[in-house]
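Here are the chains, one letter per residue:
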Amino acid sequence: MSRAVQAAEQSSAWKNAQVGRVAAPLRDQVLGIVRQAIMDFELKPGQRLVERELIEHLGVSRSTVREVLGQLSAEGLVTIVPQKGAVVTVPTAEDAADLYEIRASLEALAVRRFVERATEAQRAALRAAFDEYARASEDGALPALVAKDELYRVLLDGADSAPIQQLLASAQGRVRAMRATSLSEPGRARQAVEELRLVVEAIEAGKAAQAAKLCAAHVRAAARSGLRRLAEIESDLT
């Protein structure tokens, strides 16, 4: 079993929901659990978040659940629908396309900065993270996402840019569920591995412009897949 598979199983925020056992305030614990469950696609776009069920599942008060849903609504991960309550947000096609384009630009810039600033140790760590991602992609969408998150972490560490890291964190949080759906499309996982292999090889060759171009192309390919899946989800909800 790969490290990514083990991490994916251990980090199941929803199945293993536990609160009240760490120092963080209760509200923050619940917020983290529900947010991660949405981002890991355990709570799916369009799924209703029934207060009573959340209270029972998490073992917390109604006021805590309402505070958490309000915060997630402010973050764009949950939508409050009149007469229906809270649902996991289904982004519009236009919003999703814009978010992917933001990611493409920011990740391409991060790749350029990595080529310019990364140490030899960070370059070696990037190759190791990619190899783990390639292995994890054979085990399913969630292990692949966990491994890809580590790949991004190594990339951003080497890019050494707080502004890029902060902006990407916001954009990636909004489209993480769509990343899971795009990777579940037949053939997409294998294609994504090959796209990122080319990115890593260009980085290792010191070809910043080529690596950035390939990275942007990878994100736009993921966008096409994610937007197709989004259209299917919207069709199922109507």
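The rules behind these values
Residues numbered from 1 in each chain as written. Predicted model: local features only at pLDDT ≥ 70, side-chain atom pairs only at ≥ 80, totals over all residues. Heavy atoms only, no water. 1 Å grid on protein atoms, 1.4 Å probe; cavity = no way out; pocket = protein on both sides within 12 Å on 5 of 7 lines; lining within 4 Å. Points joined across faces, edges and corners; volume = space filled by probe spheres on them. Helix = DSSP H or I, 4+ residues; strand = E, 2+ residues; numbered from the N terminus. Nonpolar A, V, L, I, M, F, W, Y, C, P; charged D, E, K, R; others polar. Expected span 1.5 Å × (residues − 1). Buried < 20%, exposed > 50% of the residue type's maximum accessible area, 1.4 Å probe, protein only. Arc of directions from axis to C-beta. Contact = heavy atoms within 4.5 Å. Phe/Tyr/Trp six-rings, centres within 6.5 Å; stacked < 30°, edge-to-face > 60°. Pairing = 2+ DSSP bridges. Axes fitted to C-alpha atoms, helices over the stretch in contact; angles between N-to-C directions. Parallel < 35°, antiparallel > 145°, perpendicular 65-115°, else oblique. Left-handed = near helix turned anticlockwise from the far one by under 90°. Core = buried A, V, L, I, M, F, W, Y, C linked by side-chain atoms within 4.5 Å.

J.: Explain empty space enclosed by the protein to me, and be specific about the residues and the numbers.
T.: Within the structure shown, the criterion is met by 3 cavities of 30 Å³ or more. In this model, the second largest cavity occupies a volume close to 110 Å³. Considering the residues around the second largest cavity, the lining is formed by Glu107, Val111, Leu126, Lys148, Leu151, Tyr152, Leu155, Leu196, Val199, Val200, Ile203 and Cys215. For the lining of the second largest cavity, the secondary structure elements donating two or more residues are α5 (93–117), α7 (141–159) and α9 (188–204). Considered class by class, the residues forming the lining of the second largest cavity number 10 nonpolar, no polar and 2 charged.

J.: Could you give an account of helix α4 (residues 62–75), with specific residues and numbers?
T.: With 14 residues, α4 should reach 20 Å at 1.5 Å per residue; the first-to-last C-alpha distance of 20 Å fits that figure. The set of residues buried in α4 consists of Thr64, Val65, Val68, Leu69 and Leu72. Along α4, the residues classed as buried sweep out an arc of 130° about the axis, all on the same side. Next to the buried residues of α4 lie α2 (26–39), β1 (48–49), α3 (51–58), β2 (78–81) and β3 (85–88).

J.: Give a detailed account of the packing of aromatic side chains, specifying residues and quantitative values.
T.: Tallied over the full model, the rule gives 1 aromatic pair. Residues Phe130 and Tyr133 carry aromatic rings whose centres are separated by 6.4 Å and whose planes lie at 55° to one another, so their mutual orientation is tilted. Here Phe130 pairs with Tyr133, and both are found in helix α6 (residues 120–136), just 3 residues apart, close to one helical turn. There is no split in this pair, since Phe130 and Tyr133 are both buried.

J.: I'd like a description of the sheet that holds β1, backed by residues and values.
T.: Spatially, the 3 strands line up as an open sheet ordered β1-β3-β2, and their pairing is antiparallel. A strand with exactly one partner marks an edge of an open sheet, and here the two such strands are β1 and β2. Note that β2 and β3 share 4 bridges and pair antiparallel. Along β3, the bridge assignment pairs Ile80 with Ala86. Running at roughly 110° to β2, α4 makes contact with β1, β2 and β3 of the sheet.

J.: Summarise the packing of α3 against α4; cite the residues concerned and give the values.
T.: Running from amino to carboxyl end, α3 crosses α4 at an angle of 110°, the nearest separation of the two axes being 9 Å. In this view, α3 runs roughly perpendicular relative to α4, as classed from their interaxial angle. You can see that α3 and α4 cross each other, and the crossing is right-handed. Contacts from Glu51, Leu54 and Ile55 in α3 reach Arg62, Val65, Arg66 and Leu69 in α4.

J.: Explain the nonpolar core to me, using residue names and the numbers behind them.
T.: Formed by 32 residues in total, the largest nonpolar core has its most connected members in Val111, Leu126, Phe130, Tyr133, Leu151, Leu155 and Ile203. The biggest single contributor to this core is α7, with 8 residues. Excluding residues that lie within four positions of it along the chain, Phe130 makes contacts with Leu151, Val193, Leu196, Arg197 and Val200. Residues Ala37, Ile55, Val78 and Val88 belong to the second largest nonpolar core, which totals 22 residues.

Scope: geometric values only; no functional claims are made or implied.
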